[in-house]
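Residue-level structural notes
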Amino acid sequence: MATGLISFRDYMAHKVKEYYAEGFREDFFTAPELDRSFGYAVAQEIYHLVKDYPKPLLLELGAGSGVLAFDILTFYRKNHPDFFQRLTYFIYEFSPYLREVQKGKLRAFEGKVFWCEELFPIDGVVFSNEFFDCLPVHVVKEGKELYLSEGKEEIWAEFCDTRIGDFLERMGYMGLKQTLEVCLDCLDFLEVLSQNLKRGYHLVIDYGYVSRELKRFPKGTLLGYRSHRVADPLEDTNRMDISAYVNFSALEYYGEQMGLKKVYMKSLRDFLVSSPVFMEELERLSLSEDGEDIERFSRLKTMLVSMGDRFKVLLQERL
Ligand SMILES: C[S@@+](CC[C@H](N)C(=O)[O-])C[C@H]1O[C@@H](n2cnc3c(N)ncnc32)[C@H](O)[C@@H]1O
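It should be emphasised that the depicted structure is a prediction, and the values quoted were computed from it without experimental measurement. All residue numbers here refer to positions counted from 1 along the written sequence of the relevant chain. Reporting of local features is limited, given that this is a predicted model, to residues whose pLDDT is at least 70; pairs of side-chain atoms are given and counted only at 80 or more, and all residues count toward the totals for whole chains, interfaces and linings. Hydrogens and water are ignored here; the side-chain numbers use all heavy atoms of the structure.

**Section: the nonpolar core**
- Buried residues of nine kinds, namely Ala, Val, Leu, Ile, Met, Phe, Trp, Tyr and Cys, make up a nonpolar core once their side-chain atoms join them within 4.5 Å. Buried, partly exposed and exposed residues are distinguished by accessible area as a fraction of the type maximum, computed with a 1.4 Å probe on protein chains only: under 20%, between the cut-offs, and over 50%, respectively. Counting 108 residues, the largest nonpolar core has Leu59, Tyr76, Tyr89, Phe127 and Phe132 as its most contacted members.
- At nine residues, helix H3 (residues 36–50) tops the list of elements feeding residues into this core.
- Note on definitions: a residue-residue contact is assigned when non-hydrogen atoms from the two residues lie within 4.5 Å. For Tyr76, the contacting residues outside a window of four places in its chain are Ala43, Ile46, Tyr47, Leu58, Pro81, Phe83, Phe84 and Leu87. To qualify as a helix, a DSSP run of H or I must reach at least 4 residues; to qualify as a strand, a run of E must reach at least 2; elements of each kind are numbered from the N terminus.

This is how it looks when you write it as structure tokens:
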């Protein structure tokens, strides 16, 4: 490979790290930031999965402002105090800045929440919301991969990693004429996760697609965010968040190879409407005339309508 070229994967890895080193997506809201009902729905699901474990361990990947952890722990303390006593909550987070933000947000749960820099043997549930979309991707098209020159010129050249060809073959994408992303980092992470998950579940919530939906994205799924607006991921700016839709078919297929069996995959809307705590809250808010409740009701509708189909929920179980 010519000198002065950087693979898009390395460029994205650098941009994502730089972005989260200084903060968190103030550029848009995530579901847990929209409303606490999201966290309560996740909490209730996790409770049903591991309520009988003597010492359940919950590990959240990429915790942002810490709001999801806060809502989950608040839900248990109020509704399942015995489970709350038994569990330990870990956060895996690479941004030192965000670790401090999370510690501040979770002060009320001191002694219950811990931070880790790498995974370790787990009996419980590993889960995330909008974590896998941050992992860097190789951008490929018709047998070539995207590189950038120093002047950010797009150069298409041979794959930098032989595993990319293997991935395309296994996933049945070989003859495709469109641009698509290959997230080897997602697979590497899944591998480490599967090796460490001794007993329990992996719950992934993120925006993404399955293989049959790929044709909806002929130019790929990369997204750049800056100052509340969708931006060109290659735009020259200091702070730009770049993400890519998560390939849920790949998580499912490679997960099975690694001993993680799919329990279900569904849209976020289906996940939420099948959640008793979410539906109770939705119904209560729909009947209320209180100003704050009316606002919350509209946020829940946003979650169902604008995120409901774009986001998927995958649950895998350690075999
Ligand atoms: C989009 S935010 C989601 C935050 C939170 N889960 C939410 O839904 O509000 C992504 C989070 O993952 C973290 N993150 C991104 N890449 C990571 C990596 N490679 N290792 C650890 N944490 C990472 C970011 O610092 C941030 O906390």
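**Here's the deal with unusual backbone geometry**
- At Glu130, a residue that is not glycine, the phi angle is positive and equals roughly 55°.
- Within the fold, Glu130 resides in the loop between strand E5 (122–129) and strand E6 (138–141).
- Judged by relative accessible area, which is 7%, Glu130 ranks as buried.
- One non-glycine residue, Lys152, adopts positive backbone phi at about 65°.
- Along the chain, Lys152 turns up in the loop between strand E7 (144–148) and strand E8 (154–157).

**Focus on the state of the cysteines**
- By definition, disulfides here are pairs of cysteine sulfur atoms that lie within 2.5 Å. One pass over the full model with this rule turns up one disulfide.
- Looking at the unpaired Cys116, the closest cysteine sulfur is the one in Cys134, lying at 16 Å.
- Residue classification places Cys116 among the buried residues on the basis of a relative accessible area of 8%.
- The cysteine Cys134 is free of any disulfide, with Cys186 supplying the nearest cysteine sulfur at 9.7 Å.
- Residue Cys134 is classed as buried on the basis of its relative accessible area, which comes to 12%.

**Considerations on the site of the ligand**
- Residue proximity to a molecule or strand is established when one non-hydrogen atom of the residue lies within 4 Å of it. Lining the immediate environment of the ligand, one finds 19 residues, of which Thr30, Gly62, Gly64, Glu93 and Asn129 sit closest.
- In the analysis that follows, any N or O atom pair within 3.5 Å is treated as a polar contact, provided that within protein one partner can donate a hydrogen and the other can accept it, and provided that, for residues neighboring in sequence, both atoms belong to side chains. Here an oxygen atom of the ligand sits 2.7 Å away from a polar atom, N or O, in the side chain of Thr30.
- In this structure, Glu93 approaches the ligand through a side-chain N or O atom, which is 2.6 Å from an oxygen atom.
- Per-residue and other accessible areas were derived by the Shrake-Rupley procedure at a 1.4 Å probe size, with only the shown protein chains allowed to occlude residues. Its free accessible area being 590 Å², the ligand has 95% of it covered by the protein chains.

**Thoughts on helix H9 (residues 248–257)**
- Looking at H9, one finds that the buried residues are Phe248, Ser249, Ala250, Leu251, Tyr254 and Gly255.
- In this structure, the buried residues of H9 make contact with helix H7 (162–170), helix H8 (184–196), strand E10 (197–209), strand E14 (246–247), strand E15 (260–267) and strand E16 (311–318).
- Its side-chain oxygen placed 3.1 Å from the backbone nitrogen of Ser249, Asn247 serves as the N-cap of H9.
- Phi turns positive, to about 90°, at Gly259, one or two residues after H9.

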